[in-house]
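Single-letter residue listing:
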Amino acid sequence: YDLLNQYYTESLGNHYVSLGLQTHRIKCKVHNDFKLILIAEKDKVYDKFPIPLINRLEKHIVTTSTILSEKKKTVLEEFNSWIESFTTVYLGFVALTLLSV
């Protein structure tokens, strides 16, 4: 966040960021096409990120429904249904089997 805020400067049409390690700092030129991609869980963003940072970023929510093709979504739905039926039937069976031992 500090890179986008207090350590970012513009001079003569160029962009610079001040990078540092402990007490040493150096101004580094930032390419004009530079993009920052921040990947985080939605809950953590709204719970832990500073509001000014959240407001400054362009936000995209990525889920399976936004990245899968229609065919893959159908396969995923069928798989989830199969898993649900499998766990319902076989978990009960295992529990009864353990009781009989």
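Residue indices follow the written sequence of each chain, beginning from 1 at its first position. Two thresholds apply to this predicted model, a pLDDT of at least 70 for residue-level local features and 80 or more for giving and counting side-chain atom pairs, whereas whole-chain, interface and lining totals are computed over all residues. With hydrogens and water stripped out, all remaining heavy atoms of the structure feed into the side-chain values.

Undergrad: How should I be thinking about the overall build of the protein in this particular structure?
TA: A tally of helices and strands in the protein yields 4 helices and 3 strands. Starting at the N terminus, helices and strands are each numbered in turn, a helix being any DSSP run of H or I of at least four residues and a strand any DSSP run of E of at least two. Element order for the protein, N to C, with α for helix and β for strand: β-β-β-α-α-α-α. Only protein chains enter the accessibility calculation, which uses a 1.4 Å probe; a residue is then buried when its area is under 20% of its type maximum, exposed when over 50%, and partly exposed in between. The buried share of the protein, reckoned over its 101 residues, is 7%. Working rule for contacts: check all heavy atoms of both residues, and any pair within 4.5 Å makes them a contact. Once local pairs closer than 6 in sequence are excluded, the contacts in the protein between residues at least 24 apart make up 15%. When the accessible area of the protein is evaluated, it comes to approximately 9300 Å², of which 61% is carbon and sulfur surface. Method for areas: the Shrake-Rupley scheme with a 1.4 Å probe, in which residue coverage is limited to the protein chains shown.

Undergrad: Teacher, can you tell me more about the confidence of the model for the protein here?
TA: Predicted coordinates in areas of low pLDDT are best not read in detail. The pLDDT averaged across the protein works out to 76; a share of 77% of its residues lies at or above 70. Across the protein, the secondary-structure element scoring lowest on mean pLDDT is helix α4 (residues 70-100), at 67, and the one scoring highest is helix α1 (residues 42-48), at 87. Of the regions scoring below 50 in pLDDT, residues 93-101 engages in 0 contacts with residues more than four places distant in sequence or in other chains. Think of pLDDT as the predictor's per-residue confidence, scored from 0 to 100.

Undergrad: What is the right way to read the pattern of salt bridges from this model?
TA: Here a salt bridge means any side-chain nitrogen of Lys or Arg lying within 4 Å of a carboxyl oxygen belonging to Asp or Glu. Under the counting rule described, the total for this entry stands at 1 salt bridge. A salt bridge links Glu70 to Lys73; the nearest nitrogen and oxygen atoms lie 3.2 Å apart. Placement of the pair is Glu70 and Lys73 together in helix α4, with a separation of 3 residues, close to one helical turn. For Glu70, a relative accessible area of 57% translates into the label exposed.

Undergrad: Would you take a moment to explain unusual backbone geometry for this structure?
TA: Most of the time, phi is negative for any residue but glycine, and the peptide bond is trans. Backbone geometry places Leu12, a non-glycine residue, at a positive phi of 50°. As for its placement among the helices and strands, Leu12 is situated in the loop between β1 (8-11) and β2 (14-21).

Undergrad: Could you clarify how one ought to interpret the environment of Lys59 in this entry?
TA: By the secondary structure assignment, Lys59 is in the loop between α2 (51-56) and α3 (64-67). A distance of 2.7 Å separates a polar side-chain atom of Lys59 from the backbone oxygen of Ile54. Under this definition, polar contacts are N or O atom pairs within 3.5 Å; protein pairs additionally need one hydrogen-donor-capable and one acceptor-capable atom, and for neighbouring residues in sequence, both atoms have to be side-chain atoms. A polar contact of 2.7 Å, which involves the side chain of Lys59, links it to the backbone oxygen of Leu57.

Undergrad: What should I look at first to understand the pairing of strand β3 (residues 24-30) in this one?
TA: Along a regular strand, successive side chains alternate from one face of the sheet to the other. Pairing geometry for β2 and β3, over 7 bridges, is antiparallel. Residue pairing across strands places Gly20 opposite Arg25, the latter belonging to β3. Pairs of strands are assigned from DSSP output, requiring at least two bridges between the strands.

Undergrad: Where do I start with the sheet that holds β3 in this structure?
TA: One open sheet accounts for 3 strands, arranged β1-β2-β3; its pairing is antiparallel. Both outer strands of the open sheet, β1 and β3, are each paired with one neighbouring strand and no more. Strand-to-strand twist of the sheet, defined as the mean angle between neighbouring strand axes without regard to direction, takes the value 30°. Sheet topology places β1 next to β2; 4 bridges connect them, and they run antiparallel. Residue pairing across strands places Thr9 opposite Tyr16, the latter belonging to β2. Angular values range over 0 to 180 degrees, each being the angle between N-to-C directions of two axes fitted as lines to C-alpha atoms, with helices fitted over their stretch in contact.

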